[in-house]
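Structural characterization, general
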Amino acid sequence: MFETNGTNGNSRNAPKLMNGCAAMGLGAIRAGCQYVAAYPITPQTEYLEYMSQALPATGGVFQQLNDEISSIMACYGAAAAGAKAMTASVGPGLTLMIDGLANAAGAELPMVLGAMTRAHVGVSAGLLPAQSDIRMLKGGGNGDYHLPILAPASCQETAELTFAAFVLAEKYRTPVVVVIDGFMANMMEAVNFQKDVPAHEAWDWSVGHTRDAQVYVTSYYTPEADTATCYRLQEKYRVMREREVLYEEFMTDDAEFVIVAFGIMARVAKQVVVSARQQGIKVGLFRPITIFPFPENELNQIARGVKSILVTEMNFGQILIDVKLAANGACPVHFYGQPAMPIKPMQLFKKLRELATDGHG
Amino acid sequence: MNYTQIQSKKVSPHSDVFHEQRHISFCAGCGHGSLNILLAEIIEELGIQTKTVLVTGVGCGSASGGLQRVDIVGTPHGRASDVCTGVSRMLPEKTVVQYSGDGDSCAIGLAGLLHSCARQENFIILIYNNNVYGMTGGQLGPTTSEVVPTTTFLGGRDKDVQGFPLDIIDLVTPLPGCVFAARERLTTGKNVFHAKKTLRKAFDLHLSGVRGIKLIDFLGNCNVNWKGDRTFTPITANELIDNEVSRYFKLGVAKQPQTAIGGQQPAIIS
Ligand SMILES: Cc1ncc(C[n+]2csc(CCOP(=O)(O)OP(=O)(O)O)c2C)c(N)n1
Ligand code: SF4
Ligand SMILES: [Mg+2]
């Protein structure tokens, strides 16, 4: 249901056709995920179904809990106990998880959250895909914190970046989000992902692994420790901004215009760049892969050398603010977005041609 | 703050499980202190100090995380049962204990608690039931009985507006995944001693390998923040529990496995 063998037959090394949900599961299993607690919601359900089989097969525990609040908090418990934990959800469920995410960020508990995004506001406006919820996920809970957000653009990259999310979560002791839109969640592509990690040993700060000293995992303790936590978190974010930024540039070297897009919209944009180049429009693509930390400096460099930037998203502007901040007035930043369906290459091309020909860029 | 800070070298003469030289942030005469002493003593008696993970909810009882010398996981308000689920699933050989107030467990955390019972999770739940949100100053909660004054309903529960008090023992007893349910009171010395025996039963049952939730609801005072239309001392507050509150909330063991308790000493899982 989730995957079919490619033409090379059954061997482990053969690429498999998988949708984004299953690819996310595969990346998690390869990264040594030990615990999943979740609540079903379209289009995340195939992740659940995949993990319900794949996780117990590797000795992990898969549980369905009563809601998303309990799910993320059970992951908080599993992480506190030294295990690699993950959950996944969609709009309304992600909203319920924000409290748990903020608490896990504050208590410095590593875990991975898969986010499959839809167009609706609350539950109004439907089930169709959109690249929404990014602003909420970046730090929608209380307090000054950020969550690393990884935005893959293919099923292969979904597996790779889910794996990377576990590494990042462990390295910085933070929840990490992998976000794909509802379209990618259900879209099938060939995936070939072999990476493995050595067997996981519970972190020495986690509870339940008898040592001499008592271990205390919490988001608060004493006033002094609380304040120290605030500064320690900020220092972590500074280091992440310095070291963990991921992005892709395509034909930006001599570009007069640059399209900024993430996830599936970056693939649409890439096609448009290729065909626009054939028609003599000097355009390139800049794809943020980490939405936090955002490739701010890199994009600022680009903004200094182009006539204008066109941000295109399958929503009404979730990373637009970040792009504007990065451009910092160096060039005009235009926006073209729609929810519910990826913008078609022809639509985007027309928009780009308008910009390229109307003189003001 | 109403808190009387008592600094003591060793709180219980009987237990090394307590941290030395920690400030105790419970008010004088509050049953949270008694419950913490009982817990420390039992952990020590059973020799499970390094095999116990204490998960604290938010409320006055969260201070127990600073007192008990065992591994601690602090949680946000109402999420202790969910966190215990993750901890105990990943550490099935440990004794995982939730320490919550009545607000933490029966108001904001009720869904997580009941579903933990339904899933037959394997941990111990201790509720300090003072009939109010003590830490925030004594407001009415779902467990407030008609006789306890609160700062929001001065004379106690107004049935027309707030309905009837919720009895957690009634809720968990029918669920097969809850294998032990009891109510005790932390009032007189005799009652505290009785409570200890029940607490020990829950731990023994857990250590004997009987899977499921073991829940004890401890009626205790909030002598400082029971202050609607009258005020209390620790003694008069405890009298209110013994004479009136315990009429609303039935005392005793409501549920236990037929065989596992009593008889011989259960084996301790190492
Ligand atoms: C989500 C959330 N809501 C409200 C609070 C405020 N709050 C802190 S402690 C508490 C009441 C705790 O009452 P209870 O669990 O009965 O413990 P007690 O202090 O009475 O022992 C509340 C409402 C909070 N910390 N978090
Ligand atoms: S429950 Fe009441 S008496 Fe006890 S420590 Fe809290 S405020 Fe004080
Ligand atoms: Mg209370």
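Residues numbered from 1 in each chain as written. Chains lettered and ligands numbered in written order. Predicted model: local features only at pLDDT ≥ 70, side-chain atom pairs only at ≥ 80, totals over all residues. Heavy atoms only, no water.

Quick word on the UniProt feature "domain: Thiamine pyrophosphate enzyme TPP-binding" (unreviewed entry) in chain B
The condition that has to hold: UniProt positions are given in the numbering used here, feature names are shortened, and annotations may be inferred rather than shown by experiment. Secondary structure elements follow DSSP: runs of H or I no shorter than four residues count as helices, runs of E no shorter than two count as strands, and numbering proceeds from the N terminus.
Annotation from UniProt places "domain: Thiamine pyrophosphate enzyme TPP-binding" (unreviewed entry) at residues 75–203 of chain B. Each end of residues 75–203 of chain B is marked by a C-alpha atom, and these two atoms are 22 Å apart; helix forms 38% of the span and strand 19%.

Some words on the confidence of the model for chain A
Test applied: Summary of the metric used: pLDDT quantifies the predictor's per-residue confidence within the range 0 to 100. By the convention used here, residues are in contact when the closest approach between their heavy atoms is within 4.5 Å.
Looking at chain A as a whole, its pLDDT mean stands at 93, while 94% of the residues score no less than 70. Confidence over residues 5–9 of chain A falls short of pLDDT 50; this stretch has eight contacts with residues more than four positions distant or in other chains.

With respect to the side chain of threonine 174 of chain A
Within the secondary structure layout, threonine 174 of chain A lies in the loop between helix H6 (155–172) and strand S8 (175–181). Not counting the four nearest positions on each side in its chain, threonine 174 of chain A is found in contact with Leu109, Pro110, Met111, His146, Leu147, Pro148, Leu168, Ala169 and Met240 of chain A.

Thoughts on the site of ligand 1
Residue and element names in this part refer to chain B. Keep this limit in mind: Throughout, near means a residue has at least one heavy atom within 4 Å of the molecule or strand. Polar contacts, as counted here, are pairs of nitrogen or oxygen atoms within 3.5 Å of one another; within protein the pair requires one atom able to donate a hydrogen and one able to accept it, and residues that are adjacent in sequence qualify only if both atoms are side-chain atoms. With residues, only the protein chains shown are counted as cover, and all accessible areas are computed by Shrake-Rupley using a 1.4 Å probe.
Around ligand 1, a shell composed of 16 residues is seen, among which His32, Asp102, Gly103, Asp104 and Gly134 lie nearest. Between histidine 32 and ligand 1, the recorded distance is 2.8 Å, taken from a side-chain N or O atom to an oxygen atom. One nitrogen or oxygen atom from the main chain of glycine 103 is found 2.8 Å from an oxygen atom belonging to ligand 1. Summarising the interface, the protein chains cover 72% of the accessible area of ligand 1, which totals 590 Å² for the free molecule.

Details of the site of ligand 2
For the record, the criterion: Three classes are used: nonpolar for Ala, Val, Leu, Ile, Met, Phe, Trp, Tyr, Cys and Pro, charged for Asp, Glu, Lys and Arg, and polar for all others, with Gly counted as polar.
Around ligand 2, the surrounding shell consists of Phe26, Cys27, Cys30, His32, Cys60, Asn130, Gly134, Cys222, Asn223 and Asn225 of chain B. Residue classes in the shell around ligand 2 are distributed as five nonpolar, five polar and no charged.

Some thoughts on the coordination of the magnesium ion (ligand 3)
Residues and elements named next belong to chain B. Filter applied, for reference: Counted as coordinating are nitrogen, oxygen and sulfur atoms within 2.8 Å of the metal, or 3.2 Å for Na, K and Ca, while water is not included, which may make sites look incomplete. Summary of the burial criterion: residues with accessible area below 20% of their type's maximum are buried, those above 50% are exposed, and those between are partly exposed, where the area comes from a 1.4 Å probe applied to protein chains only.
For the magnesium ion (ligand 3), the protein coordination sphere consists of Asp102 (OD), Asn130 (OD1) and Val132 (O), at 2.0 to 2.2 Å. Within one chain, the residues serving as donors to the magnesium ion (ligand 3) are arranged as D-x27-N-x1-V. Here the residue aspartate 102 occupies a position in helix H4 (residues 102–106), and asparagine 130 occupies one in the loop between strand S6 (124–129) and strand S7 (132–133), the gap between them amounting to 28 residues. Exposure remark for asparagine 130: the relative accessible area of 5% places this residue in the buried category.

Remarks on the packing of helix H1 (residues 31–45) of chain B against helix H8 (residues 189–207) of chain B
Residues and elements named next belong to chain B. Heads up, the rule is: Here the axes come from fitting lines to C-alpha atoms, over the contacting stretch only for helices, and the angles between their N-to-C directions go from 0 to 180 degrees. Comment on the angle field: the value is read as roughly parallel under 35 degrees, roughly antiparallel over 145, roughly perpendicular from 65 to 115, and oblique elsewhere. Handedness of a crossing is defined here by the sense of rotation of the near helix relative to the far one, left-handed for an anticlockwise turn of less than a right angle and right-handed for a clockwise turn.
Two numbers describe how H1 lies on H8: the axes approach to 10 Å, and their chain directions differ by 45 degrees. One way to sum up the angle between H1 and H8 is to call them oblique. In terms of crossing hand, the pair formed by H1 and H8 is right-handed. Contact residues: Ser34, Leu38, Leu39, Glu41, Ile42 and Glu45 in H1; Val192, Ala195, Lys196, Leu199, Arg200 and Phe203 in H8. Residue composition of the contact of H1 with H8, by class: seven nonpolar, one polar and four charged.

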